[in-house]
Amino acid sequence: MKQCYKRWQNMFLTHFARTVVVLMAGTLSAGLFLVGCSQTNNGVEELSYPLQERIEALAALSPLENGKAKPFASELCVVTDDVPSPDSTVGAKAAAVFSLDDHMVLLEKNAFKRLYPASTTKVMTALVAIRHGGLQDEIKLRQKVTIGQEAVITESGASLCHINPGDTLTMEQLLYGLMLPSGNDAGAAIAVQVSGSIEEFAHLMNQEAKALGATDTHFVNPHGLHDEQHYTTAYDLYLIFQEALKEPLFRKLIATQKYTAEYTDAQGQPKSQTWNNSNQYLTGNQPMPNGLSPLGGKTGTTSAAGSCLIMGSRDDQDHEYISVIMKAENRQALYQDMTNIIMKIVN
C-alpha cells in the first residue's frame, strides 16, 4: 500500500480509539501508544506518535454531536490509492489539488513527503496571529506595535518588508507586510508581539498544527528561513490553509494585490511603503486557466525548499479549491507546474 493510505489507516484507528475512550469513560491507560516505524527522511527522523496525542488532535477535528462522534474526516480531503498523479511535465517534488466543496483529492504527488516550506510557513503565522492575538477584534487589529531587534534579518536573500527597530506599525499593517512582500522581518515582529518570543510563537504554531491533524509538520520560526527541523508536507499545508480560509481577515489579506502602509519611524517621522503581492496569479502576471479565478495564496523560496506555492482558486460555479506545489526547480517551473495541476479542475 502507499504510505498515504497507511497514514490515514493509523489515524482512523486513533479516531476509533477516541470513540472507545468516550464510551468507556476514561478507561484508556496513560501508557498506551500508537507507534509508527522510525525512518529518516530529508535528514529528519520520522517520529512515533503517542495515542493520547493523536486522540487530542482528532478531538478538535471530529467533535461529538449528541454524544456521537462525527464520521472520520467528514469535512477533510483524504488521499487514497486511486487518486491520480500529475503527468511527467510536473517536475516539482510534491503537488496536490483538493476540492473544498466535495472533499475530493483531484491529484497528488508525494503529498505526505516531508519537505521544507520556506515562506508558505507564513500561512500558519497569520493563522496563529489572528487567533492567538485576537485579531478578529478591530481594536486589537489596529493596536500599535513598536518594532524591536527581532526584525533585523541579515540572512542573504531573505525577503523583507523593510521595517526597522523603532518603527511603529499596527498589527494589521504587519500582517500585510507578512503576506504580500513576504516580510520575514514582519513575521518576527508579529511573533514577539503575540507571544513574547520567536520560540514561544513557534510553540503555538506547533500546537495549532497538532490540533489540525498536521502530524508531519514542525515549525521553529514564523517566517520559514531554513532550518532542518522546520518542515511540513503538501497535505499538511492543505490542512493549514483550509483552516486559515475560515478567517475572513486571512481571505482579505491573500486577496489583496497592493497595500500602502503609513507609519512612523524611531524618530517619530512619517514613513510610507507600498507592498505588492508576490502571487503572480493574483497580480495578473501569470494567467489563470479559463474558468478559474484566484482567491490568493502564499509563495515561498529558499535554496533548500526550492520554489513553493499554496493557493486557493474558485471556478465559475463558486466551488473552491486548494492547490500546492513544493520544491519546484525555480519560479518559472513553479508557475508552469501550478498551471498544469489546476487545469485538472476545469478539464
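Throughout what follows, the structure given in this document is the object of discussion.

What counts and what doesn't
- Residues numbered from 1 in each chain as written.
- Predicted model: local features only at pLDDT ≥ 70, side-chain atom pairs only at ≥ 80, totals over all residues.
- Heavy atoms only, no water.
- Helix = DSSP H or I, 4+ residues; strand = E, 2+ residues; numbered from the N terminus.
- Buried < 20%, exposed > 50% of the residue type's maximum accessible area, 1.4 Å probe, protein only.
- Contact = heavy atoms within 4.5 Å.
- Polar contact = N/O pair within 3.5 Å; in protein donor to acceptor, adjacent residues only side chain to side chain.
- Core = buried A, V, L, I, M, F, W, Y, C linked by side-chain atoms within 4.5 Å.
- Axes fitted to C-alpha atoms, helices over the stretch in contact; angles between N-to-C directions.
- Parallel < 35°, antiparallel > 145°, perpendicular 65-115°, else oblique.
- Left-handed = near helix turned anticlockwise from the far one by under 90°.
- Nonpolar A, V, L, I, M, F, W, Y, C, P; charged D, E, K, R; others polar.
- Phe/Tyr/Trp six-rings, centres within 6.5 Å; stacked < 30°, edge-to-face > 60°.

Digging into the environment of aspartate 265
Here is step 1 of the chain: Among the secondary structure elements, aspartate 265 is positioned in the loop between strand S9 (258-264) and strand S10 (270-276).
Here is step 2 of the chain: With relative accessibility at 17%, the residue aspartate 265 sits in the buried group.
Here is step 3 of the chain: Sequence-wise, aspartate 265 and asparagine 164 are 101 residues apart; in three dimensions their C-alpha atoms are separated by 7.8 Å.
Here is step 4 of the chain: When sequence neighbours within four positions are dropped, the list of residues in contact with aspartate 265 reads Gly166, Asp167 and Lys271.
Here is step 5 of the chain: Looking at aspartate 265, its side chain comes within polar contact range of the main-chain nitrogen of glutamine 267, at 2.9 Å.

A word on the nonpolar core
Here is step 1 of the chain: Grouped together as the largest cluster of nonpolar side chains are 70 residues, with contacts concentrated most on Phe98, Met124, Leu174, Leu175, Tyr235 and Phe250.
Here is step 2 of the chain: Per element, the largest residue contribution to this core is eight residues, and it comes from helix H8 (residues 234-244).
Here is step 3 of the chain: Membership of the second largest hydrophobic core comes to 20 residues, among which are Val90, Ala92, Tyr281 and Tyr321.

Focus: the packing of helix H5 (residues 171-179) against helix H6 (residues 184-195)
Relative orientation and spacing of two packed helices are given, respectively, by the angle between their axes and the distance between those axes.
Here is step 1 of the chain: Contact pair H5 / H6: the axes reach a minimum separation of 8 Å and the direction vectors enclose 140°. Considered as vectors, H5 and H6 are oriented oblique to each other. Crossing hand, H5 versus H6: left-handed. Every residue of H6 that contacts H5 at Met171, Leu174, Leu175, Gly177 and Leu178 is listed here: Ala186, Gly187, Ala189, Ile190, Gln193 and Val194.
Here is step 2 of the chain: Looking at the contact of H5 with H6 residue by residue, the class counts come to eight nonpolar, three polar and no charged.

Details of the packing of aromatic side chains
Here is step 1 of the chain: Summed over the entire model, instances satisfying the criterion amount to eight aromatic pairs.
Here is step 2 of the chain: Taken together, a centroid distance of 5.9 Å and an interplanar angle of 70° make the contact between phenylalanine 98 and tyrosine 235 edge-to-face. Here phenylalanine 98 is found in strand S5 (residues 94-99), whereas its partner tyrosine 235 is found in helix H8, with 137 residues between them in sequence.
Here is step 3 of the chain: Here phenylalanine 241 and phenylalanine 250 contribute two aromatic rings whose centre-to-centre distance is 5.6 Å and whose plane-to-plane angle is 80°, an arrangement assigned as edge-to-face. Residue phenylalanine 241 shares its accessibility class with phenylalanine 250, and that shared class is buried.

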